Amino acid sequence: MARGGTEDLQALAGALHSWHTGSRLRALSSEWPFVRFGKLAEAHERGEATEFKWRMLQASPQLLKLRPLIDAAITEPHLSQLFPYTSMITLRFSRCTGYPYTRDLPWARPIDEGRYQVIGPDRKELGVADGPGSAALIADALPSDCGPAVAGTAYSLRDQLRDDTPGRP
């Protein structure tokens, strides 16, 4: 979640070395000024990415159509523990905090003022409701093994699940 650019190959190698050896974001940016990062990256570093992302969505003026659903979902314990993200004016949920996100959970999109269509991961409609009703529909459709979002990506989560499966090499 950090980024930067330089034409100085020694500086680039130094920044990569610092990152690979565990430098924190602020130290990395201080030592290598071309490295930049945002508040979400710091939240990831603190282990608070999910909570921070929910607050970001609530504060976003671009997501007014989703606001009633976001406000309802953040108060629903099964949903608020998942990493929220938006895509094409839809509210989606992930089991992991890094991109690419998981895409195996229900999601919702606005259809008119204050009402949402809830869609399952198989792309079948689960129902239409207001914000609280849609949050309930989504929570009810979550898989039973759906716990808090974990750090990492859909790939690392898939690999972890594969490694934890008894009888698998």
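Coordinates for the structure precede this section.
Throughout what follows, the structure given in this document is the object of discussion. Note that the structure is a prediction, hence the values are computed from the model and not measured. (Residues numbered from 1 in each chain as written. Predicted model: local features only at pLDDT ≥ 70, side-chain atom pairs only at ≥ 80, totals over all residues. Heavy atoms only, no water.)

1. Considerations on the overall build of the chain
Which entries qualify depends on this criterion: Here a helix means four or more residues in a row that DSSP labels H or I, a strand means two or more in a row labelled E, and each is numbered from the N terminus. Partly exposed residues are those whose accessible area sits between 20% and 50% of the maximum for their type, while under 20% is buried and over 50% is exposed, using a 1.4 Å probe and protein chains only. In this description, contact between two residues means that some pair of their heavy atoms is separated by no more than 4.5 Å. Note on areas: Shrake-Rupley, 1.4 Å probe, and residue coverage restricted to the protein chains presented here. In this tally, Asp and Glu contribute negative charge and Lys and Arg positive charge; neither His nor the terminal groups of the chain are included. Charge placement uses NZ in Lys and CZ in Arg. For Asp and Glu, CG and CD serve respectively.
Of regular secondary structure, the chain possesses eight helices and seven strands. Expressed as a percentage of the 169 residues in the chain, the buried residues total 39%. For the chain, the proportion of contacts with a sequence separation of at least 24, taken over those separated by at least 6, is 44%. Summed over its atoms, the accessible surface of the chain is roughly 10100 Å², and 53% of this surface lies on carbon and sulfur atoms. Charge-centre separation for the chain: the mean point of 20 positive side chains lies 4 Å from the mean point of 20 negative side chains.

2. Observations concerning the pattern of salt bridges
Oppositely charged side chains are able to pair whenever their charged atoms sit close together. Quick note on the threshold: Salt-bridge detection follows one rule: a side-chain nitrogen of Lys or Arg within 4 Å of a carboxyl oxygen of Asp or Glu.
Per the stated rule, a full pass over the model turns up six salt bridges. Residues Arg 95 and Asp 104 are paired through a salt bridge, measuring 2.8 Å at the closest nitrogen-oxygen approach. On the basis of relative accessibility, which here comes to 15%, the residue Arg 95 falls in the buried class. Look at Asp 104 and you get partly exposed, because its relative accessible area is 32%. The residue Arg 115 makes a salt bridge to Asp 112 at a minimum N-O spacing of 3.1 Å.

3. Quick word on helix H5 (residues 67-74)
Residues spaced three or four apart along an α-helix face the same direction, because each turn holds 3.6 residues. Put simply, the rule is: Read the arc as the range of directions from the helix axis to the C-beta atoms.
Taken as a whole, H5 has its buried residues at Leu 69, Ile 70, Ala 72 and Ala 73. Seen end-on, H5 carries its buried residues on one side only, within an arc spanning 165°. Of the surrounding elements, those touching the buried residues of H5 are helix H4 (49-59), helix H6 (77-80), strand E4 (91-94), strand E5 (107-112), strand E6 (115-119) and helix H7 (131-140).

4. Focus on the packing of H4 against H5
Selection criterion: Interaxial angle, 0 to 180 degrees, is taken between N-to-C directions of lines fitted to C-alpha atoms, where a helix line uses only the stretch in contact. Our angle categories are set so that under 35 degrees counts as roughly parallel, over 145 as roughly antiparallel, 65 to 115 as roughly perpendicular, and the remainder as oblique. What makes a crossing left-handed is the near helix being turned counterclockwise from the far one by less than a right angle; a clockwise turn instead makes it right-handed. For this scheme, ten residues count as nonpolar: Ala, Val, Leu, Ile, Met, Phe, Trp, Tyr, Cys and Pro. Four count as charged, namely Asp, Glu, Lys and Arg, and the remainder, Gly too, count as polar.
Taken N-terminus to C-terminus, the directions of H4 and H5 make an angle of 150°; their axes are 9 Å apart at the nearest point. With respect to H5, the axis of H4 lies roughly antiparallel. Like other packed secondary-structure pairs, H4 and H5 cross with a definite hand, here left-handed. From H4, Trp 54, Leu 57, Gln 58 and Ala 59 reach across to H5, where they touch Arg 67, Ile 70, Asp 71, Ala 73 and Ile 74. Its residues assigned to classes, the contact of H4 with H5 comprises six nonpolar, one polar and two charged.

5. Let's talk about a nonpolar patch on the surface
In plain terms, the rule: Patch definition: residues above 30% relative accessible area lacking any salt bridge, with like charges linked at up to 9 Å and the nonpolar side chains Val, Leu, Ile, Met, Phe, Trp and Tyr linked at up to 5 Å.
A contiguous nonpolar surface patch, about 430 Å² in accessible area, is contributed by Leu 9, Leu 12, Leu 16 and Trp 19. Relative accessible area serves as the criterion here: at 34%, Leu 12 is assigned to the partly exposed category.

Read these as geometric descriptors, not functional statements.
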